[in-house]
Amino acid sequence: MRSIWNGAISFGLVSIPIKLVNATESHSISFRQIHLADGGRIRYRKVCELDGEEVSGAEIGKGYEEADGSVIPITDEDLAQLPLATAKTIEIMSFVPAEEIDPLQMDAAYYLAANGATAAKPYTLLREALKRSRKVAIAKYALRGRERLGMLRVVDDVIAMHGLLWPDEIRAPEGVAPDEKVSVRDAELDLADALMATLGEVEMASLHDDYRDAVEAMIAAKAGGAFEPVEAAGEPAGGQVIDLMAALEKSVRAAKASRGEAEDEPADGAGGTGGADAGDGGAEVTPIRRPAAGRKGTAAPKAVGGKKSTATSARKTASATASAPAKRATKSTTKTAGSAASARAGSGTGKKAASTKSTASKSRTAKDSPAAAAKKTKAATPRRKTSA
């Protein structure tokens, strides 16, 4: 590729000799102006206003026109003598994250090629530093008679530079946004999201200029004498009021059909835009498939076991068991040792008394009662055999 500018990148005290090469090219078809009567070429000739003579390119220079119409001649030597550090240098000023650059500032793109063997090392150093930092370099440079702003970034293994417009060259978007205050419903946003998801992504390399292809085909047909003009399709009427929800739904269906995807059937009773008025806008109304409120599964009631809680019964049984020994001890005051042992056996402890002493120690409630004292006395007195 032919270089359009030779200079150097100033990276601190490091100087990198480079060549500037156009990174883009235009494939648009250009037309010539002709005379309709005979097809003759119409050319522009540069003529001096003072003497009316045609002037060649070698005789043409630059000049600045004042407000009163007078012209001040400016030569290339005048411009070369300006104290401009960026006349032959791309001076890097700072490094910033790429997202801080407003795409509105993007201008022409260039490739920076290392100029000579000595430039390979510093060129590679700057390239790898940009890669590792994940930042872009902001620089100043002079091209075609003016100082410009640029952004350096890495493309594959090459440093590319994008010309940037100066911040004061970007117009503020005043008066561009709609004046009307409108609100967007969640259902409309959901449909817009569905349409975006259905359209999906695209390989940028697969995009091409269909209009240019059509123009080239027309030129080839006319050159061969087989061109037949086709009536242009009528343009849609402007300002047509449509149902936005219906248009979004129809767009989703069309996008799915173009991708060969099956169309979802609308749910019965699902809410949609509905209404006969939707047909006035030329858009077909299809209910939105939303889950009905009653269709949402409700949690089944928790299964309750057949057994009732025994906590209350246990508390009642324990209370009854605690009070039983005292009652039994009171009643057994006048009874014999045998009947007292029977009463202690039914006190609810679930154990049979092996001896009178062990039974009395387990019955905490009755141990201090008079009946308990009597029982101890009888147990301590040995039985005597009666003689006949």
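So, here's what we can say about the structure. Just so we're clear, the structure is a prediction, and the values are computed from it rather than from any experiment. (Residues numbered from 1 in each chain as written. Predicted model: local features only at pLDDT ≥ 70, side-chain atom pairs only at ≥ 80, totals over all residues. Heavy atoms only, no water.)

Regarding the overall build of the chain
Right, so step 1: Within the chain, the regular secondary structure consists of nine helices and nine strands.
Right, so step 2: A buried classification covers 20% of the 388 residues belonging to the chain.
Right, so step 3: Of all intrachain contacts in the chain linking residues separated by at least 6 positions in sequence, the fraction that spans at least 24 positions is 61%.
Right, so step 4: Taken as a whole, the chain presents about 30,100 Å² of accessible surface, with 54% of it coming from carbon and sulfur. (Helix = DSSP H or I, 4+ residues; strand = E, 2+ residues; numbered from the N terminus. Buried < 20%, exposed > 50% of the residue type's maximum accessible area, 1.4 Å probe, protein only. Contact = heavy atoms within 4.5 Å. Areas by Shrake-Rupley, 256 points an atom, 1.4 Å probe, with all protein chains shown as cover.)

Examining the packing of helix α3 (residues 186-199) against helix α5 (residues 244-258)
Right, so step 1: With their axes 9 Å apart at the nearest point, α3 and α5 run at an angle of 20° to one another. Overall, the two elements α3 and α5 adopt an arrangement that is roughly parallel. For α3 against α5, the interelement crossing comes out left-handed. In contact with Ala187, Glu188, Leu191, Ala192, Ala194, Leu195, Thr198 and Leu199 of α3, α5 contributes Leu244, Met245, Leu248, Glu249, Ser251, Val252, Ala255 and Lys256. (Axes fitted to C-alpha atoms, helices over the stretch in contact; angles between N-to-C directions. Parallel < 35°, antiparallel > 145°, perpendicular 65-115°, else oblique. Left-handed = near helix turned anticlockwise from the far one by under 90°.)

Comments concerning the nonpolar core
Right, so step 1: Grouped together as the largest cluster of nonpolar side chains are 20 residues, with contacts concentrated most on Ile9, Ile18, Ile90, Leu112, Leu152 and Met161.
Right, so step 2: Where this core is concerned, the elements lending two or more residues are β1 (3-11), β2 (14-22), β5 (89-97), β6 (106-114), α2 (120-133), β7 (135-143) and β9 (158-164).
Right, so step 3: Excluding its chain neighbours within four sequence positions, the residues that come into contact with Leu112 are Ile9, Ile18, Lys19, Leu20, Ile90, Tyr123, Leu152, Val158, Ile159 and Met161.
Right, so step 4: In terms of nonpolar packing, the next biggest core, distinct from the first, is built from seven residues, Val96, Val136, Met151 and Leu164 among them. (Core = buried A, V, L, I, M, F, W, Y, C linked by side-chain atoms within 4.5 Å.)

A few points about the environment of Leu20
Right, so step 1: Summarising the element assignment, Leu20 is placed in strand β2.
Right, so step 2: Of the residues examined, Leu20 reaches a relative accessible area of 0% and is grouped as buried.
Right, so step 3: A sequence separation of 94 residues divides Leu20 from Ala114, and the C-alpha atoms of the two residues are 9.3 Å apart.
Right, so step 4: Leu20 has contacts with Arg2, Ser3, Ile4, Trp5, Tyr110, Tyr111, Leu112, Leu143 and Met161, leaving out every residue within four places of it along the chain.

Overview of the side chain of Arg127
Right, so step 1: Considering the arrangement of structural elements, one finds Arg127 in helix α2.
Right, so step 2: Not counting the four nearest positions on each side in its chain, Arg127 is found in contact with Val154, Asp157, Val158 and Ile159.

Focus: helix α4 (residues 210-224)
Right, so step 1: An ideal rise of 1.5 Å per residue puts 21 Å on 15 residues; α4 measures up with 21 Å between its terminal C-alpha atoms.
Right, so step 2: Two to three positions downstream of the cap, the backbone nitrogen of Tyr211 sits 3.1 Å from a side-chain oxygen, assigning the N-cap of α4 to Asp209.
Right, so step 3: Positive phi shows up at Gly225, right after α4, with a value of about 75°. (Expected span 1.5 Å × (residues − 1). Polar contact = N/O pair within 3.5 Å; in protein donor to acceptor, adjacent residues only side chain to side chain.)

Quick look at the pattern of salt bridges
Between side chains of opposite charge, a pair can form as their charged atoms come close.
Right, so step 1: On inspection of all chains with the given rule, the structure shows seven salt bridges.
Right, so step 2: Among the ionic pairs, Arg127 bridges to Glu128, the shortest N-O distance being 3.1 Å.
Right, so step 3: Relative accessible area serves as the criterion here: at 14%, Arg127 is assigned to the buried category.
Right, so step 4: The salt bridge partner of Lys131 is Asp157, with a shortest N-O separation of 3.5 Å. With Lys131 in helix α2 and Asp157 in the loop between β8 (146-155) and β9, this residue pair connects regions lying 26 residues apart in the sequence. (Salt bridge = Lys/Arg side-chain N within 4 Å of Asp/Glu carboxyl O.)

A look at the sheet that holds β8
Right, so step 1: Here seven strands make up a closed barrel; going around it, the order is β1-β2-β6-β9-β8-β7-β5 and the pairing mixed. Between one strand and the next, the sheet's axes are offset by a mean angle of 40°, whatever the strand orientation.
Right, so step 2: As paired strands, β1 and β2 are joined by eight bridges and run antiparallel to one another. What sits directly across from Ser3, in β2, is Val21.
Right, so step 3: Contacting β1, β2, β5, β6, β7, β8 and β9, α2 crosses the sheet at an angle of about 85° to β2. (Pairing = 2+ DSSP bridges.)

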